[in-house]
Amino acid sequence: MQHTERLAQLREAIGAAGLDAIAVIPGPNLVYLTGLHFHLSERATILLVPRHGRCAFVVPALEETKALSLPFDAALFPWPDADGPATAITAAAAILGLGGKRLGVEGRRIRFLELDALARSGFPPRVENGDGVFATLRMAKDEDELDAMRQAVGVAEAAFAATLAFIRPGVTEKEVAAELMVRTLNAGSGELPFQPIIASGPNGANPHAGAGTRMLAAGDVVTIDWGATVDGYASDLTRCVVIAGAEPDPRLVAAYEAVRAANEAGRAAARPGGTGQDVDRAARQAIVDAGLGAYFIHRTGHGLGLEGHEEPDMNEGSLVLLTPGMTFTVEPGVYIPGIGGVRIEDDVVITADGSETLTTLSRELLVVGG
Ligand code: CO
């Protein structure tokens, strides 16, 4: 989609939210809107988009050249290091008439640095959380965005397949993570969306375990959660493997079957007109039916796109209506303290009449390292 079209949509959303303007700082929203990558640093960089009229862009002077390639018209307010940003921010607030107006900000991203500078400008706005404004635009992906996400899934899957031969008794979680990261980058990923989780044996009971110094042992169930990016769009997958040489704990094998059924049920419930709550309830029911409900301790999934976690949530209370193009994960899990855990995570897109699962890897509990 053209960035001028996105700007027009953003202005509509600003109006619909009852705001007068929105402030955007370096990060995924600025990339979405402009296609430009600015560095989030101690130097204030703020794009101000009013409901009507010309945008204003406060940028450090050393970034002015980049700011000149904005895909739409904006008044530039470059500020040199020697002066600091205060004068530039006041001038930008003045031409937008921000004083006392309702300014949406990125609630999960903006810092005291920018909020304080806006409050101290000669024209302090009334600041509100504007996260929902960008979320409404970014949730449903266009064809170009979906193409990037399909590629990000493909890259992650190729890296996983190439890493399997490396996973065997005696290697550590960290060594597996390093191998998987190198393979992911070599398969064509941009910056990784997050560090892989390699959680073996009892470590699997922690859904957000990292990758530690534990050595893999025969019979371990190992949870592997990783992803890739292509053109800034992320994939996010999880698969479990068993280390050959001993039988895995039967409680984890039973949990795995329940989680596989839950993953299937969650994906089947993903359709236009449904909600994230429907997806969560469908997946959760399968785990409750197996008597393991107390061990499924997180939401079923999260939106995926320019960020590894974005809207919409697959969660109790998530009542956003799913529409074609929305992309998210379905990742039920079971975590048994002291024993271990299992999770199966797929990436899904809502289609006109249901959903499509972008991930193609097998969901069998693979035995590796034999
Ligand atoms: Co995830």
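Just so it is clear, the structure is predicted and the values come from calculations on it, not from any experiment.

Enquirer: Could you give an account of the pairing of strand E2 (residues 46-50), with specific residues and numbers?
Expert: Taking burial as the measure, the five residues of E2 include five buried ones, the bulk of the element. Alternating residues of E2 divide into Ile46, Leu48 and Pro50 and Leu47 and Val49, and every residue in both groups is buried. Examined bridge by bridge, strand E1 (residues 21-24) and E2 share four bridges and lie antiparallel to one another. Within the sheet, the bridge partner assigned to Ala21 lies in E2 and is Pro50.

Enquirer: Go over the sheet that holds strand E7 (residues 197-200), please, and point to the residues and values.
Expert: The four strands lie next to each other as E7-E8-E11-E19, forming an open sheet whose pairing is mixed. The outermost strands of the open sheet, each flanked by one partner alone, are E7 and strand E19 (366-368). Taken pair by pair, the neighbouring strands of this sheet meet at an average axis angle of 30°, ignoring direction. Examined bridge by bridge, strand E8 (residues 221-226) and strand E11 (residues 237-243) share six bridges and lie antiparallel to one another. Among the inter-strand pairings, Val222 is bridged to a residue of E11, identified as Val241.

Enquirer: So, the environment of Asp249: which residues are in play, and what are the values?
Expert: Examined against the element boundaries, Asp249 turns out to sit in the loop between E11 and helix H9 (250-268). The sequence separation of Asp249 and Asp220 amounts to 29 residues, and the corresponding C-alpha distance is 8.0 Å. When residues no more than four places from it in sequence are discounted, the contact partners of Asp249 are Gly219 and Ile339.

Enquirer: Any chance you could break down helix H10 (residues 276-289) for me, citing the residues and the numbers?
Expert: Here H10 spans 20 Å end to end across 14 residues, near enough to the 20 Å set by a 1.5 Å rise per residue. On its buried side, H10 packs onto H9, strand E13 (310-314), strand E14 (327-330) and strand E15 (333-336). The N-capping residue of H10, defined by a side-chain oxygen 3.2 Å from the backbone nitrogen of Gln277, is Thr275. Among the residues trailing H10, Gly291 stands out with phi positive, at a value near 80°.

Enquirer: Give a detailed account of the domain arrangement of the protein, specifying residues and quantitative values.
Expert: In terms of domain boundaries, the protein breaks down into domain 1 (3-138) and domain 2 (143-368). Taking the mean C-alpha position of each, domain 1 and domain 2 sit 35 Å from one another. Across the boundary between the two partners, domain 1 contributes six residues, which contact six residues of domain 2. In total, about 590 Å² of surface goes out of reach between domain 1 and domain 2, with carbon and sulfur atoms giving 46% of it. Taken as a group, Pro28, Arg108 and Arg138 account for 60% of the area that domain 1 buries against domain 2, more than any other trio of residues on that side. On inspection of domain 1 and its partner domain 2, the count reaches four salt bridges. With its nearest N and O atoms 3.7 Å apart, the salt bridge here joins Glu145 to Arg6. If you look at where domain 1 meets domain 2, you find two residue pairs in polar contact (both at pLDDT 80 or more). For the side of domain 1 that touches domain 2, the elements supplying multiple residues, two or more each, are helix H2 (28-34) and helix H6 (131-138). A breakdown of the residues in the side of domain 1 that touches domain 2 according to their chemical character gives three nonpolar, no polar and three charged.

Conventions we followed
Residues numbered from 1 in each chain as written. Predicted model: local features only at pLDDT ≥ 70, side-chain atom pairs only at ≥ 80, totals over all residues. Heavy atoms only, no water. Buried < 20%, exposed > 50% of the residue type's maximum accessible area, 1.4 Å probe, protein only. Helix = DSSP H or I, 4+ residues; strand = E, 2+ residues; numbered from the N terminus. Pairing = 2+ DSSP bridges. Axes fitted to C-alpha atoms, helices over the stretch in contact; angles between N-to-C directions. Contact = heavy atoms within 4.5 Å. Expected span 1.5 Å × (residues − 1). Polar contact = N/O pair within 3.5 Å; in protein donor to acceptor, adjacent residues only side chain to side chain. Domains from an automatic or database assignment. Buried area = accessible area lost by both parts, 1.4 Å probe. Salt bridge = Lys/Arg side-chain N within 4 Å of Asp/Glu carboxyl O. Nonpolar A, V, L, I, M, F, W, Y, C, P; charged D, E, K, R; others polar.

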